[in-house]
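Structural characterization, general
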Amino acid sequence: MLRHGLVCSLLAFSCLASAGLPERFAILVPGFFNMPEKKEGSYFSPTVLAAVRASGYTPIVVKSLNPVGTFRENGERLSRELAQIIAAHPNTQFTVIAHSAGGLYLGYALTANPKLPIATVVTISTPYGGAELVELVKWVPGFKTITSALDLSSLQEFEGRNM
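Since the model is a prediction, treat every value here as computed from it, not as a measurement. (Residues numbered from 1 in each chain as written. Predicted model: local features only at pLDDT ≥ 70, side-chain atom pairs only at ≥ 80, totals over all residues. Heavy atoms only, no water.)

A word on the overall build of the chain
When its secondary structure is counted, the chain shows six helices and four strands. Listed N to C, the secondary structure of the chain is α-β-α-β-α-β-α-β-α-α in terms of helices and strands. A buried classification covers 45% of the 163 residues belonging to the chain. Residue pairs at least 24 apart in sequence account for 73% of intrachain contacts in the chain once pairs closer than 6 positions are excluded. Carbon together with sulfur atoms contributes 60% to the accessible area of the chain, which is approximately 8,900 Å² in total. (Helix = DSSP H or I, 4+ residues; strand = E, 2+ residues; numbered from the N terminus. Buried < 20%, exposed > 50% of the residue type's maximum accessible area, 1.4 Å probe, protein only. Contact = heavy atoms within 4.5 Å. Areas by Shrake-Rupley, 256 points an atom, 1.4 Å probe, with all protein chains shown as cover.)

Written out as structure tokens, the structure reads:
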């Protein structure tokens, strides 16, 4: 269901494509529990990547995020990777597609550096108001102890009161 919605969103995004322009790049930012890319498409499905390509964009998947990192840590990691991507493609306006917490990491990066050459931002399922699952499980006895012990304390940032 989520992938279907993501593909539909990306197909709608394809309406933004216009012909005759130099190579265009779509930077894809994964969310929480992202895994370091071992091969193309391990976070974003081949269908999503194909939809981006069909829209006339070359996808660049962000690979430097910590799967359980905090907003600040991943926002800073994203800022550094964006700087590298931008340096490799000067004079280019980028489109960024961010999934889930990736939208929050992108918000951090853009707030820290609002002059990044990003023309379009698309966020999909970004929990701007907090994550419902965290709101439910935070009442489970030991939630903070377990998330801290498993190095998942950054999940606590997804409580609605922290957003």
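Looking at the nonpolar core
In terms of nonpolar packing, the biggest core is built from 22 residues, with Ile27, Val29, Leu78, Leu82, Tyr105 and Leu106 touching the most fellow members. Elements supplying a minimum of two residues to this core: strand E1 (24–29), helix H3 (71–88), strand E3 (94–99) and helix H4 (101–112). Core analysis: the next-biggest nonpolar cluster, separate from the first, contains twelve residues, Ala26, Val48, Val52 and Val122 among them. (Core = buried A, V, L, I, M, F, W, Y, C linked by side-chain atoms within 4.5 Å.)

Side note on H4
Over its twelve residues, H4 runs 17 Å from end to end, which matches the ideal 16 Å to within 8%, given 1.5 Å per residue. By the burial criterion, the buried members of H4 are Ala101, Gly102, Gly103, Leu104, Tyr105, Leu106 and Ala109. Looking at the buried positions of H4, the neighbouring elements they touch are E1, H3, E3 and strand E4 (118–124). (Expected span 1.5 Å × (residues − 1).)

Examining the packing of aromatic side chains
Inspection of the entire model under this criterion finds three aromatic pairs. Aromatic side chains Phe25 and Phe94 sit 6.0 Å apart centroid to centroid with 40 degrees between the ring planes, which places their arrangement in the tilted category. Here Phe25, found in strand E1, pairs with Phe94, found in strand E3; they are 69 residues apart in sequence, far enough to count as distant. By the burial criterion, Phe25 is buried, and Phe94 matches it. Considering the side-chain rings of Tyr43 and Phe44, the 4.8 Å spacing of their centres and the 70 degrees angle between planes classify their relative orientation as edge-to-face. The same class applies to Tyr43 as to Phe44, namely buried. Residue placement shows Arg24 over the ring face of Tyr57; its charged tip is 4.2 Å from the ring centre. (Phe/Tyr/Trp six-rings, centres within 6.5 Å; stacked < 30°, edge-to-face > 60°. Lys NZ or Arg CZ within 6 Å of the ring centre and 35° of its normal.)

Focus: the side chain of Glu81
Position of Glu81 among the secondary structure elements: in helix H3. No salt bridge is formed by the buried Glu81; its nearest oppositely charged neighbour, Lys63, is found at 6.9 Å. In contact with Glu81, not counting residues within four places along its chain, are Val61, Val62, Lys63 and Ser64. (Lys, Arg positive; Asp, Glu negative; His and termini not counted. Salt bridge = Lys/Arg side-chain N within 4 Å of Asp/Glu carboxyl O.)

Quick look at the pattern of salt bridges
For the structure on display, the rule yields two salt bridges. Here Glu76 ties to Arg72 by a salt bridge, and the two come within 3.0 Å at their closest N and O atoms. Here Arg72 and Glu76 lie together in helix H3, a separation of four residues that amounts to about one turn. Accessibility expressed as a relative area gives 28% for Glu76, which makes it partly exposed. Here Arg77 ties to Glu73 by a salt bridge, and the two come within 3.1 Å at their closest N and O atoms. Linking Arg77 with Glu73, this pair stays in helix H3, spanning four residues, or about one helical turn.

Any functional reading would require information beyond the geometric quantities listed.
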